[in-house]
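The lines below spell out each chain.
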Amino acid sequence: MKRYGMLIDGQWVPARSGETREIRDPADGALLAKVPEAGRVDAEAAVDAARAAFDAGPWRKLTAQDRGKLLFRVGEGIRAHAKRLAELETRNCGKPLAEAAFDVADAADCFEFYGGLATKIHGETMQVPANSLSYVVREPVGVCGQIIPWNYPLLMAAWKLSPALAAGNTAVLKPSELTPLTALELGRIICEAGIPAGVVNIVTGPGAGPGEALAASPQVDKVAFTGGTVTGRKVMTAASGNLKKISLELGGKNPNIVFADADLECAVDGALFGAFANQGEVCSAGSRLLVERSIHARLVEGMLKKIPRIKLGHGLEPGVKMGPLVSAAHRDKVESYIEIGVNEGAKLLCGGKRPKGRAFAKGHFLEPAIFDRVKPSMRIAREEIFGPVLAVIPFDSEDEAVSIANDTEYGLAAAVWTKDVTRAVRVISRLRAGITWVNTYHPTFNELPWGGYKASGMGRELGLYGIEEYLETKQVNINLDENPIGWY
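Calculation notes
Residues numbered from 1 in each chain as written. Predicted model: local features only at pLDDT ≥ 70, side-chain atom pairs only at ≥ 80, totals over all residues. Heavy atoms only, no water. Buried < 20%, exposed > 50% of the residue type's maximum accessible area, 1.4 Å probe, protein only. Helix = DSSP H or I, 4+ residues; strand = E, 2+ residues; numbered from the N terminus. Arc of directions from axis to C-beta. Contact = heavy atoms within 4.5 Å. Pairing = 2+ DSSP bridges. Axes fitted to C-alpha atoms, helices over the stretch in contact; angles between N-to-C directions. Expected span 1.5 Å × (residues − 1). Right-handed = clockwise from strand over helix to strand, strands pointing away. Salt bridge = Lys/Arg side-chain N within 4 Å of Asp/Glu carboxyl O. Phe/Tyr/Trp six-rings, centres within 6.5 Å; stacked < 30°, edge-to-face > 60°. Lys NZ or Arg CZ within 6 Å of the ring centre and 35° of its normal. Patch = residues over 30% accessible without salt bridge, like charges linked within 9 Å, V, L, I, M, F, W, Y side chains within 5 Å. Areas by Shrake-Rupley, 256 points an atom, 1.4 Å probe, with all protein chains shown as cover.

Caption draft 1: Here's a closer look at helix H12 (residues 398–406). All buried positions along H12 are accounted for by Glu398, Ala401, Val402, Ile404 and Ala405. Projected down its long axis, H12 shows its buried positions confined to an angular sector of 165°, all on one face. Buried residues along H12 sit against strand S13 (255–258), strand S14 (288–292), strand S17 (389–395) and helix H13 (421–430).

Caption draft 2: Representation of the sheet that holds strand S1 (residues 2–3). The strand order S1-S5-S4 describes an open sheet built from three strands, whose pairing is mixed. Each edge of the open sheet carries a strand with a single partner, namely S1 and strand S4 (20–24). Two strands pair when backbone bridges link them, and S4 and strand S5 (residues 31–36) are joined in this way by five bridges, in the antiparallel orientation. By the bridge assignment, Glu22 is partnered in S5 with Lys34. Of the strands in this sheet, S1, S4 and S5 are in contact with helix H6 (residues 181–193), which crosses S5 at around 65°.

Caption draft 3: Examining helix H3 (residues 82–93) more closely. Under the 1.5 Å per step criterion, the end-to-end length of H3 is 16 Å for twelve residues, consistent within 8% with the ideal 16 Å. Within H3, burial applies to Leu85, Ala86, Leu88, Glu89, Thr90, Asn92 and Cys93. Residues of H3 that are buried in the fold lie against S4, S5, helix H2 (64–80), helix H4 (97–117), helix H5 (153–166) and H6. Where H3 terminates, the next one or two residues include Gly94, which has phi positive at roughly 100°.

Caption draft 4: Examining the environment of Glu335 more closely. Note on placement: Glu335 falls in helix H11 (residues 328–344). Each C-alpha atom, one on Glu335 and one on Phe445, is 32 Å from the other, the two residues being 110 residues apart in sequence. Setting aside its immediate chain neighbours within four residues, Glu335 contacts Arg354 and Leu366.

Caption draft 5: Summary view of the pairing of strand S16 (residues 369–372). The alternating pattern of S16 places Ala369 and Phe371 on one face and Ile370 and Asp372 on the opposite face, and all of these are buried. Of the pairings in the sheet, the one linking strand S15 (residues 347–350) to S16 comprises three bridges and is antiparallel in character. Residue pairing across strands places Cys350 opposite Ile370, the latter belonging to S16. Relative to S17, S16 is paired through three bridges, and the arrangement is parallel. By the bridge assignment for S17, Ala369 is matched with Val389.

Caption draft 6: Structural context of the sheet that holds strand S6 (residues 124–126). In spatial order, the strands read S6-S7-S23; together these three strands make up an open sheet with antiparallel pairing. If you trace the sheet from one side to the other, it starts and ends with S6 and strand S23 (471–479), each paired once. Taken over all neighbouring pairs, the strand axes of this sheet differ in orientation by 25° on average, direction set aside. Two elements, strand S7 (residues 132–140) and S23, share nine bridges in a ladder whose sense is antiparallel. Residue pairing across strands places Leu133 opposite Ile478, the latter belonging to S23.

Caption draft 7: Region of the structure containing the pairing of S13. Of the two faces of S13, the one carrying Pro255 and Ile257 and the one carrying Asn256 and Val258 are both buried. Two elements, S13 and S14, share four bridges in a ladder whose sense is parallel. Bridged to Asn256 within S14 is Leu289. The parallel pair S13 and S14 is bridged by helix H9 (residues 264–276), and the resulting crossover is right-handed. By the bridge criterion, three bridges tie S13 to strand S19 (residues 413–417) in an arrangement that is parallel. Paired with Ile257 across the strands is Val416, a residue of S19.

Caption draft 8: Spatial organisation of the pattern of salt bridges. For the structure on display, the rule yields 30 salt bridges. Glu185 is the salt-bridge partner of Lys2, the closest N and O atoms lying 3.1 Å from each other. Separated by 183 residues along the polypeptide, Lys2 in strand S1 and Glu185 in helix H6 bring together distant segments of the chain. Looking at Lys2, the relative accessible area reads 35%, which means it is partly exposed. Among the ionic contacts, a cluster of salt bridges with common partners joins Asp261, Glu398, Asp399, Arg423, Arg426 and Arg430.

Caption draft 9: Examining the side chain of Ser247 more closely. Structurally, Ser247 is set in strand S12 (residues 245–249). With relative accessibility at 6%, the residue Ser247 sits in the buried group.

Caption draft 10: Representation of the packing of aromatic side chains. Within the structure shown, the criterion is met by six aromatic pairs. With a centroid separation of 5.4 Å and an interplanar angle of 90°, the aromatic rings of Trp150 and Phe386 are classed as edge-to-face. One end of the pair, Trp150, is in the loop between strand S8 (143–147) and H5; the other, Phe386, is in the loop between S16 and S17, and 236 residues separate them in sequence. Phe386 shares its class with Trp150; the two are buried. Of note, Arg188 hangs over the ring of Trp12, and the distance from its end group to the ring centre comes to 4.5 Å. The residue whose ring lies beneath Lys222 is Tyr470, and the NZ or CZ to ring-centre distance is 4.9 Å.

Caption draft 11: A look at a nonpolar patch on the surface. On the surface, a cluster of nonpolar side chains totalling about 250 Å² of accessible area is made up of Leu133, Ile478 and Leu480. Examined against the element boundaries, Leu480 turns out to sit in the segment after S23.

Laid out in structure tokens, this is it:
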């Protein structure tokens, strides 16, 4: 069992209260670590450190080239510790080791992508109707409060920190109180890479307290939040106090649409992977499977045949494809939705139960569930469950599929399965979602923007769009006329 401190102004410190939180493996209950249980005062100290580092520290004096080199060192550090980080990620949040290893590599890629982008922040010169040298420059926003969820702890930290640092900002990162370990290990890598004290601060603890302090602080210039839509609204309200810049990556109830001409085998794989990767604890999960009625029975049959291949167990065990849910409370929530689905009249075809056996006794495991005969009006088809629950909804026409797909408060992700390229383009253009796929599901690229429409958030992460969220735009006018203005 390891004891961690929080990273504030380059030092590893306990919470001012002295309180700690036990972090346990969701697969077997093993005690992994104790971390500080921060309060508002700790978050305020971290903000003060970030403020001083931005306003008076050496960070802003570094060239873009030097910032980029430091981010590359962070990427190298992640790769050097990749095996240990992946195992820790698996033990902390439950995902299979193969998924965790992919996340670690992607986090390193993200720091390297923005390390290269640090020198590509462009301004512009403008011809104006005066004797003036007029131009536009892009400058860092300032102090950034960043709040991330528990489902992709290391990767979400990379998504937040790397563009902020590339742009020249300082940051206070608050990981989820459930899964802080790899974020804290990332803090060590950041320090070892040579990033100055106070530039990156990491505060552990719940949203109530430190998270609220970050969102509301007048010393914070920008807040970035990834998590549930209900909490996102609260963050937005708190951030309005000093009209700080804000970006929100929130929930989804994402449609995965399969037309009759799709490659059935590929669609079956895509439906299962879209719904059950990372235990379904994914904001972009394809949790609504819309299937053209003529192939509905065959597609469902194909999924049921493959469900037994989804091996449950501890994520470090060979061959495991689904680990435990992150906590007992979250499993209870997912189980409540399964009960709601049954009571609403949907047909539970498989799963939704706690697996039996000694290997599962101490963990938060749940078998992947597939509901059929789901109506679009049912709660399991409208509310984000954030677990391994798939709702199958038949449709009869393209127009009906689009109507059902868009009939949601969310607009994060969507996919279309068809061999007809014109239909694919036509349907994608009609879907109200920020991330879309054709004949695949879930691939994510650091080079492309991530974010959604409607209640799925505002702003974008990743790609060139991601760094825009961390930049201000300044107009500069230099008078080249040496004569007096002559106004008076």
